[in-house]
There are 2 protein chains.
Amino acid sequence: MRRRVAITGAAGRIGGILASRLAADYELILLDRVPATDRDVALVDLAWLMELRQAVAGADVLVHLAATSDVLAPWEEVLESNVVGAYHAFEAARMAGIRKIVFASSNHVVGGYERDGAPGIYQGGDQPALDEDVSPRPDSLYGVSKVFGEALGRYYADVHDVNVVCLRIGTVLADDDPTHAPVDGGPSWMPGPWDVRIRSTWLSHRDCAALFARAIEADVRFATVYGVSDVPGRFWDLEGAERLLGYRPADRWPGT
Amino acid sequence: MRRRVAITGAAGRIGGILASRLAADYELILLDRVPATDRDVALVDLAWLMELRQAVAGADVLVHLAATSDVLAPWEEVLESNVVGAYHAFEAARMAGIRKIVFASSNHVVGGYERDGAPGIYQGGDQPALDEDVSPRPDSLYGVSKVFGEALGRYYADVHDVNVVCLRIGTVLADDDPTHAPVDGGPSWMPGPWDVRIRSTWLSHRDCAALFARAIEADVRFATVYGVSDVPGRFWDLEGAERLLGYRPADRWPGT
């Protein structure tokens, strides 16, 4: 029997990638507070713990994607969607007896190092890649909320005997061809055009789905790893992702 | 002219220690949501950002103590007092133009290591002391909220040009004579009586006040350090506290 995987935020960009690419291997329970145009999603709001607990009942794994992904989101939105939302997701899973949670964290938990190193850091220079053990250094309230989520995950893993994997996800584009990426729209502190950063942080749809699949399958009490494709200017260390999850990027930046 | 130091949570235990021991060196603005019996405290609730901003106006430094300090506090209390409260404190300080924030964090941000190492860890065995660079491993929702506060501090330091010192405070007793410490009442996971833990974590009133004074004076963009007296079973590293703040414990556990 295929394992059952509940996914919050299933109407979002990564939700769509997982919904299509993981459907053959798992029985998916797609959840979101808004409907999706091209797939069936059960409507549930993270604000309501007991409703969420009902929605995830029977799942073997919870993949928690639902959050604001806007790095510039104001506090109120970060608080509701990412702080309270993460607690409700972990707690709903615990109450429902789910033994494995995959938490969509973000590279913005360490964005302060990137901010300090830009723009040289994007050239893949001689600085060592950031590993998972560097102290949190969020670049935004959004990043702070993801530090919170990772800490919550560690607490649930230690105290509530749940296996937790936190994925510090790179840049997933709507159009999976990175040469179509917009050149504007990056973080305001970024000195160069956005396409420079994307060459360091791009995560293809196929690699994204593989990363989550590896996280779902991994037999590990707690892990935090980075997720990025094989890009020329990579500055995050993939050693942990390979060692703990068996993840290796399959997609390479075009022409490199 | 003496510098002005605003203190939230001034009606609490550590607030009382700082109110009496720092009054000679600083002009103190004592704030709490409840009155104190033996000192004048201006009433302000962390829930109200603009009220808090008014209350800290004119201060040079904010010492943010206000929080639930109950390791077993339920989520609703942790969320309101420690998560929203910390954000309001940092944001009020920023809006008021305060350039230095001292944040009362907790050793419970790394309590998972202690939990793993107990009871041997209290014997001061051969394991290396925990330094400030170990990954967060909170033992409670309370501990998770303090990881959040430290991450918020790092964000304000990096992005809003405020100097921030986070103090991972040890065990401060109401009765400063540690031999009077109760033998029960410790965390439920602790295998031995509480007095065993206190011999590893005690922070005397004098050392507590000195630690905060050092943090107020330190010229450092961001620091996270432990605060503990000279106890026989210490398992937190004080190297950072000495190097970054110039803190050294003056008080030694009786008879050692």
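Here the structure is a predicted model, which means the values were calculated and not measured. (Residues numbered from 1 in each chain as written. Chains lettered and ligands numbered in written order. Predicted model: local features only at pLDDT ≥ 70, side-chain atom pairs only at ≥ 80, totals over all residues.)

Here's the deal with the overall build of chain A
What chain A contains, in helices and strands, is eight helices and seven strands. Taking 256 residues into account, the globule formula puts the C-alpha radius of gyration at 18 Å, and chain A, at 17 Å, falls close to it. Once the C-alpha set of chain A is aligned to its principal axes, its extents read approximately 50 × 35 × 35 Å. Taking all 256 residues of chain A together, 51% fall into the buried category. For chain A, contacts bridging at least 24 residues in sequence account for 70% of all contacts bridging at least 6. (Helix = DSSP H or I, 4+ residues; strand = E, 2+ residues; numbered from the N terminus. Rg over C-alpha atoms; globule rule 2.2 N^0.38 Å. Buried ≥ 20, exposed ≤ 12 C-beta atoms within 10 Å, placed from the backbone. Contact = placed C-beta atoms within 7 Å.)

Here's the deal with unusual backbone geometry
Note the cis peptide between Ala118 of chain A and Pro119 of chain A, where omega equals 0°. With respect to the element layout, Pro119 of chain A can be found in the loop between α4 (111-117) and α5 (141-159). Its identity is not glycine, yet Asp161 of chain B carries a phi of approximately 55°, on the positive side. Counting through the fold element by element, Asp161 of chain B comes out in the loop between α5 (141-160) and β6 (163-169). Asp161 of chain B sits in the exposed class, given 10 other C-beta atoms within 10 Å.

As for the pairing of strand β7 (residues 222-227) of chain B
Residue and element names in this part refer to chain B. Burial analysis of β7 places six of its six residues in the buried class, which makes it a mostly covered element. As defined by bridge partners, β6 adjoins β7 across six bridges and the pair is classed as parallel. Bridge pairing in β7 links Arg168 to Tyr226. (Pairing = 2+ DSSP bridges.)

Here we look at the interface of chain B and chain A
Counting from both sides, the interface comprises 23 residues of chain B and, opposite them, 23 residues of chain A. The set of elements that each furnish at least two residues to the side of chain B that touches chain A consists of α3 (75-95), α4 (111-117) and α5 of chain B. With ten residues, α5 of chain B is the largest single contributor of residues to the side of chain B that touches chain A. A breakdown of the residues in the side of chain B that touches chain A according to their chemical character gives 14 nonpolar, three polar and six charged. (Nonpolar A, V, L, I, M, F, W, Y, C, P; charged D, E, K, R; others polar.)

Points about the relation of the copies chain B and chain A
For these two chains of identical sequence, chain B goes onto chain A by a turn of 180° and a shift of 0.0 Å along the axis, with RMSD 0.0 Å. What we have between these two chains is a two-fold relation. Rotation axis and chain B: the residue whose C-alpha lies nearest the axis is Phe148 of chain B, separated from it by 2.6 Å. A share of 100% of interface residues in chain B that are also interface residues in chain A marks the association as one of identical surfaces. (Least-squares fit on C-alpha atoms with pLDDT ≥ 70 in both.)

Examining the sheet that holds strand β2 (residues 27-32) of chain B
Residues and elements named next belong to chain B. Taken in spatial order, the seven strands of this open sheet run β3-β2-β1-β4-β5-β6-β7, and their pairing is parallel. Looking along the sheet, the strands with just one partner apiece sit at the ends: β3 (42-43) and β7. Seen against the sheet, helix α1 (residues 13-21) touches β1 (4-8), β2, β4 (61-64) and β5 (100-106) and runs at an angle of roughly 160° to β2. Here α5 sits on the sheet in contact with β5, β6 and β7, set at roughly 160° to β5. (Axes fitted to C-alpha atoms, helices over the stretch in contact; angles between N-to-C directions.)

Details of the environment of Arg21 of chain B
With respect to the helices and strands, Arg21 of chain B occurs in helix α1. C-alpha of Arg21 of chain B to C-alpha of Cys208 of chain B: the two residues are 187 residues apart in sequence and 9.7 Å apart in space.

Things to note about the packing of α5 of chain A against α5 of chain B
α5 of chain B packs onto α5 of chain A with a crossing angle of 155° between their chain directions and a minimal axis gap of 9 Å. In terms of orientation, α5 of chain A lies roughly antiparallel with respect to α5 of chain B. Regarding α5 of chain A and α5 of chain B, the two cross each other, and that crossing is right-handed. Taken together, the residues of α5 of chain B that come into contact with α5 of chain A (itself represented by Gly143, Val144, Val147, Phe148, Ala151, Leu152 and Tyr155 of chain A) are Gly143, Val144, Val147, Phe148, Ala151, Leu152 and Tyr155 of chain B. Broken down by class, the residue content of the contact of α5 of chain A with α5 of chain B amounts to twelve nonpolar, two polar and no charged. (Parallel < 35°, antiparallel > 145°, perpendicular 65-115°, else oblique. Left-handed = near helix turned anticlockwise from the far one by under 90°.)

Remarks on the sheet that holds strand β7 (residues 222-227) of chain A
Residue and element names in this part refer to chain A. Strand order in the open sheet formed by seven strands is β3-β2-β1-β4-β5-β6-β7, and the pairing between neighbours is parallel. At either end of the open sheet lies a strand with only one pairing partner, and these are β3 (42-43) and β7. Two strands pair when backbone bridges link them, and strand β5 (residues 100-106) and strand β6 (residues 163-169) are joined in this way by seven bridges, in the parallel orientation. Residue pairing in the sheet places Val102 in a bridge with Val165 of β6. Of the strands in this sheet, β1 (4-8), β2 (27-32), β4 (61-64) and β5 are in contact with helix α1 (residues 13-21), which crosses β2 at around 160°. In the packing of helix α3 (residues 75-95) onto the sheet, contacts are made with β1, β4 and β5, and the angle to β4 comes to roughly 175°.

Re the packing of α3 of chain A against α5 of chain A
All names here are of chain A. Contact geometry for α3 and α5: axes closest at 9 Å, N-to-C directions at 15°. Between α3 and α5, the angle falls in the class roughly parallel. Between α3 and α5 the crossing geometry is right-handed. Where α3 approaches α5, its residues Trp75, Val78, Asn82, Val83, Ala86, Tyr87, Phe90 and Arg94 are matched on the opposing element by Leu141, Tyr142, Ser145, Phe148, Gly149, Leu152 and Tyr156. The class makeup of the residues in the contact of α3 with α5 is eleven nonpolar, three polar and one charged.

Description of the pairing of β6 of chain B
For β6 of chain B, the tally of buried residues reaches seven of seven residues, placing the bulk of the element in the interior. The side-chain alternation of β6 of chain B yields two buried faces, one formed by Asn163, Val165, Leu167 and Ile169 of chain B and the other by Val164, Cys166 and Arg168 of chain B.

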